[in-house]
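Examination of the molecular architecture
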Amino acid sequence: MTDSRNASPATSPMTRLAHGGRVEGSPFVNPPVVHASTVLFESVAQMKGKSATPARYTYGRRGTPTSETLEALITELEGAEGTVLTPSGASACVVALMAVLKTGDHVLMIDGVYGPTRAACDGILKRFGIETTYFDPHVGAGVVDLVRPNTRAVFLESPASLTFEMPDVAAITRALDGLGAARPIVLIDNTWATPLFYRPLDHGVDVSIMAATKYVVGHSDALIGTIAAGPRAWAKIKSTHGDLGMFTGPDDMYLALRGARTMAVRLAHHQESALTIARWLETRPEVSRVLHPALPSHPDHAIWKRDFEGASGLFSIVLKPCSEEAVAAFLDGLALFGLGYSWGGYESLAIPAFPSAIRTAVPWVAEGPVVRLQIGLEATEDLIADLAAGLDRLAARG
Ligand SMILES: *Cc1c(COP(=O)(O)O)cnc(C)c1O
């Protein structure tokens, strides 16, 4: 569903954000926000699918011009066969896993996966008889040694939530290709990079998932998830999404489509500001390490440089050893960074993070407390001043 006035020349993702996701033949640049459950048919014959003019739409849950335009835009950006929308990023991860797994199956899950995805593995998937093994984010080609006869899926996230390790996705998918017909489906949570900075399907991944809540929506208001799939997984994703009765509110779809129009320019600012702040934090005596893949000091920097077109605005810092009270003094007094979950919106956020309590495959060992920062669209120098005052408070507490 693209702008088809003239056959569009091959264009960059930035141009597709402006021209993709339109209703064909409509004079309006934006699609209608269709609030619909019931869709009327012309005749019994059309209801039965036996009319010369087949029904374009059948029922609200089965698709509307609003859902189709957003799906088409994401499909185009991800280079996928198709996309489905879910009511949140968390539901997108679970629906995708349920689509490719069944009772008795085994799934390999990256240690460092987003917490609620882990909770779903240890909860609903386990209850339905699916076993999960967590693996070292740096497993690389060694992933094949973990594959069992019943392993049907490998789930990645790059970079890892909170700790920002980057799995070598290309090495993993290449090694799995060697399994031939027994190759598990490879899924990835691509929320951090978005398809503007990383296209997983170009690297052998079958399913790319986004919490569009973050950078696509971009304004901290709507929750929505996307699952884009290549040929090996698309039919399963589409049918399971339907079987689970998934649909997303049209207003939230519209907010995601609207957000997508400016995603490239927002990401450019997030990227530049976050890098400037990350480099500055590396010079602060209170900071031991900055966990940002685009910094040459990051252990997986070479992977980021090889495969990614950019870096977004979320990273963590490891502080030098200090008390919990000192961390609280740092964070509680921040004026511009809010204390809150989620990210990808226009405003900056900070959270204390506790990866060692979550990890099971490889223990998280760090010299001091971890703080995760989401760099918003404020002026970079204002954010640096806010963080500088916070680190001064931290140093004063010791
Ligand atoms: C936030 C997040 C999700 C979940 O998205 P929601 O829309 O909040 O449910 C999934 N994966 C990652 C990596 C996230 O950061």
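Residues numbered from 1 in each chain as written. Predicted model: local features only at pLDDT ≥ 70, side-chain atom pairs only at ≥ 80, totals over all residues. Heavy atoms only, no water.

Attention shifts here to the overall build of the chain. On a plain count of helices and strands, the chain comes out with 13 helices and 12 strands. Taken over the C-alpha trace, the chain has a radius of gyration of 22 Å; the compact-globule value for 398 residues is 21 Å, and the two agree within 12%. Expressed as lengths along the three principal axes of its C-alpha atoms, the size of the chain is roughly 75 × 50 × 40 Å. Counting across all 398 residues of the chain, residues that qualify as buried make up 55%. (Helix = DSSP H or I, 4+ residues; strand = E, 2+ residues; numbered from the N terminus. Rg over C-alpha atoms; globule rule 2.2 N^0.38 Å. Buried < 20%, exposed > 50% of the residue type's maximum accessible area, 1.4 Å probe, protein only.)

Counting 115 residues, the largest nonpolar core has Val207, Ile237, Leu281 and Phe315 as its most contacted members. Ranked by residues supplied to this core, first place goes to helix H10 (residues 263–282) with 9 residues. In terms of domain composition, this core takes at least three residues from each of domain 1 (13–261) and domain 2 (263–397). Non-local contacts of Leu281, meaning those with residues more than four positions away in its chain, are made with Val287, Val290, Phe315, Ile317, Leu373 and Leu391. (Core = buried A, V, L, I, M, F, W, Y, C linked by side-chain atoms within 4.5 Å. Domains from an automatic or database assignment. Contact = heavy atoms within 4.5 Å.)

Here the focus is the domain arrangement of the chain. When the domains of the chain are assigned, the result is domain 1 (13–261) and domain 2 (263–397). Distance between the C-alpha centres of domain 1 and domain 2: 28 Å. Contacts between the two partners involve 40 residues from domain 1, matched on the other side by 42 residues from domain 2. Here domain 1 packs against domain 2, burying approximately 3,500 Å² in sum over the two surfaces, 64% of which is carbon and sulfur. On the domain 1 side of the contact with domain 2, Leu162, Phe197 and Tyr215 bury the most area, a combined 24% of that side's loss. The tally of links between domain 1 and domain 2 comes to 2 salt bridges. (Buried area = accessible area lost by both parts, 1.4 Å probe. Salt bridge = Lys/Arg side-chain N within 4 Å of Asp/Glu carboxyl O.)

This part takes up the side chain of Glu78. Note on placement: Glu78 falls in helix H3 (residues 65–78). Buried and without a salt bridge, Glu78 has Arg199 as its closest oppositely charged side chain, separated by 6.8 Å. Dropping the residues within four chain positions of it, Glu78 is found in contact with Asn190, Pro195, Arg199, Pro200, Leu201, Ser208, Met210 and Ala228. (Lys, Arg positive; Asp, Glu negative; His and termini not counted.)

Right, let's talk about the pattern of salt bridges for a bit. Counted by the stated rule, this structure contains 15 salt bridges. Here Arg148 makes a salt bridge to Glu131, at a shortest N to O gap of 3.0 Å. Of this pair, Arg148 sits in the loop between strand S3 (131–135) and strand S4 (151–157) while Glu131 sits in strand S3, and the two are 17 residues apart along the sequence. Salt bridges linked by common partners bring Asp177, Arg183, Asp206 and Arg232 together as one network.

This part takes up helix H4 (residues 89–100). The first and last C-alpha atoms of H4 sit 17 Å apart over 12 residues, in line with the 16 Å expected at 1.5 Å per residue. Of the residues making up H4, those classed as buried are Gly89, Ser91, Ala92, Cys93, Val95, Ala96, Leu97, Ala99 and Val100. For H4, the N-terminal capping position is held by Ser88, with its side-chain oxygen 3.5 Å away from the main-chain nitrogen of Ala90. (Expected span 1.5 Å × (residues − 1). Polar contact = N/O pair within 3.5 Å; in protein donor to acceptor, adjacent residues only side chain to side chain.)

The 7 strands lie next to each other as S1-S7-S6-S5-S4-S2-S3, forming an open sheet whose pairing is mixed. Looking at strand neighbours, the two that pair on one side only are strand S1 (82–86) and S3, the edges of this open sheet. Across this sheet, the average inter-strand angle for adjacent strands is 20 degrees, counted without regard to direction. Summarising the sheet, strand S2 (residues 106–110) and S4 pair through 4 bridges and their orientation is parallel. Paired with Met109 across the two strands is Phe155, which belongs to S4. (Pairing = 2+ DSSP bridges. Axes fitted to C-alpha atoms, helices over the stretch in contact; angles between N-to-C directions.)

What follows deals with the layout of surface pockets. Taken as a whole, the largest pocket encloses approximately 650 Å³ of empty space. The wall of the largest pocket is formed by 35 residues, among which Tyr114, Gly115, Pro116, Ser161 and Arg372 lie closest to the centre. Secondary structure elements with two or more residues in the lining of the largest pocket: H4, helix H5 (115–127) and strand S11 (349–353). Per-class residue counts for the lining of the largest pocket are 21 nonpolar, 9 polar and 5 charged. When residues are assigned to domains, the lining of the largest pocket turns out to be shared by domain 1 (13–261) and domain 2 (263–397), each giving three or more. For the second largest pocket, the calculated volume is near 310 Å³. (1 Å grid on protein atoms, 1.4 Å probe; cavity = no way out; pocket = protein on both sides within 12 Å on 5 of 7 lines; lining within 4 Å. Points joined across faces, edges and corners; volume = space filled by probe spheres on them. Nonpolar A, V, L, I, M, F, W, Y, C, P; charged D, E, K, R; others polar.)

Our next topic: helix H9 (residues 250–261). An ideal rise of 1.5 Å per residue puts 16 Å on 12 residues; H9 measures up with 17 Å between its terminal C-alpha atoms. Of the positions making up H9, those classed as buried are Pro250, Met253, Tyr254, Ala256, Leu257, Gly259 and Ala260. Buried residues belonging to H9 abut helix H1 (13–19), H3, S1 and H10.

The environment of the ligand is formed by 13 residues, the closest being Gly89, Ala90, Asp189, Thr213 and Lys214. Within the side chain of Lys214, an N or O atom sits 2.7 Å from an oxygen atom of the ligand. Expressed as a share of its isolated accessible area of 380 Å², the protein-covered part of the ligand is 91%. Most atoms of the ligand, that is more than half of them, are within 2 Å of grid points of the largest pocket. A class-by-class count of the residues in the shell around the ligand yields 5 nonpolar, 5 polar and 3 charged. (Near = heavy atom within 4 Å. Areas by Shrake-Rupley, 256 points an atom, 1.4 Å probe, with all protein chains shown as cover. Sits in = over half its atoms within 2 Å of the grid points.)

This brings us to the environment of Leu295. Tracing the sequence through the fold places Leu295 in the loop between strand S8 (287–291) and helix H11 (301–307). Since its relative accessible area comes to 1%, Leu295 is described here as buried. Expressed as a C-alpha distance, the spacing of Leu295 and Thr64, which sit 231 residues apart in the sequence, is 43 Å. Setting aside residues up to four positions removed in sequence, Leu295 forms contacts with Leu275, Ala278, Arg279, Glu282, Val290 and His301.

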